[in-house]
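Survey of secondary and tertiary structure
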Amino acid sequence: MKELKIETTFFVYDTIEALPEQIQKLMHKAGKARLKAYAPYSQFLVGAALLLDNGKVVTGSNQENASYPSGLCAERTAIYYAGAQYPDAKIVSMALTAGSLKNTTKQPIPPCGACRQAISEYEVKQQQPIEIYFMGETGKVIKSESLKNLLPLVFEKTVL
Ligand code: THU
């Protein structure tokens, strides 16, 4: 038996203003997208903004459903829209912001497991890492240079 250690690195920015200018803009777009969320059941609003290598920005927000599992997270709404509209473009950066209507969300909110799996598909497809920035409504922003940091030992198409 051998121990397998996997080390991951994240970068923490104290505020949104500490981000590179282009990413600040992207995060602001994610913030606007968050306000378009349809989340009457959870009251938890999530916004995503994706910067593509063709210069386009695609945004998404969570869309809930009375049949709860039929709803979709902001990240997948955005990433599937990007894949559908710009199938040949690569996703360079992703900005995520989440907040509850019940209280102010100050800690960074990372993407859920299902979204990590969905994002990984596009990272494998485009053979280029996607940098992911995530935050609450306010406060610190965490950056992951690749989806791989968030989902080690990922299940992906090369195993099929
Ligand atoms: N949600 C997202 O949009 N992204 C995530 O990564 C986690 C959760 C949404 C789904 C649901 O509408 C609400 O947040 C509460 O789980």
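Our subject is the structure listed above.
In short, a report on the structure. What you are looking at is a predicted structure, and each value in this text was computed from that prediction instead of being measured. (Residues numbered from 1 in each chain as written. Predicted model: local features only at pLDDT ≥ 70, side-chain atom pairs only at ≥ 80, totals over all residues. Heavy atoms only, no water.)

Quick word on the pairing of strand β3 (residues 57-61)
Here strand β2 (residues 44-52) runs beside β3; their pairing, made up of 5 bridges, is antiparallel. Across the sheet, L51 pairs through a bridge with V57, a residue of β3. Between the end of β2 and the start of β3, which pair antiparallel, lie 4 residues, with G55 showing a positive phi angle near 90 degrees. (Pairing = 2+ DSSP bridges. Helix = DSSP H or I, 4+ residues; strand = E, 2+ residues; numbered from the N terminus.)

Regarding the sheet that holds β3
Here 6 strands make up an open sheet; going across it, the order is β1-β6-β5-β4-β2-β3 and the pairing mixed. Only two strands of the sheet have a single neighbouring strand rather than two, namely β1 (11-13) and β3. For this sheet the average axis-to-axis angle between neighbouring strands, irrespective of direction, equals 15 degrees. With 9 bridges connecting them, β2 and strand β4 (residues 91-100) associate as antiparallel partners. Paired with A49 across the bridge in β4 is A95. (Axes fitted to C-alpha atoms, helices over the stretch in contact; angles between N-to-C directions.)

So, the site of the ligand
Near the ligand the following residues occur: S42, F44, V46, N62, E64, C73, A74, E75, P111 and C112. C112 has a polar backbone atom sitting 2.8 Å from an oxygen atom of the ligand. If the ligand stood free it would expose 370 Å²; the protein chains cover 75% of that surface. Of all elements in the fold, only β2 and α2 (74-85) reach the threshold of two or more residues within the shell around the ligand. Counted by class, the shell around the ligand contains 6 nonpolar, 2 polar and 2 charged residues. (Near = heavy atom within 4 Å. Polar contact = N/O pair within 3.5 Å; in protein donor to acceptor, adjacent residues only side chain to side chain. Areas by Shrake-Rupley, 256 points an atom, 1.4 Å probe, with all protein chains shown as cover. Nonpolar A, V, L, I, M, F, W, Y, C, P; charged D, E, K, R; others polar.)

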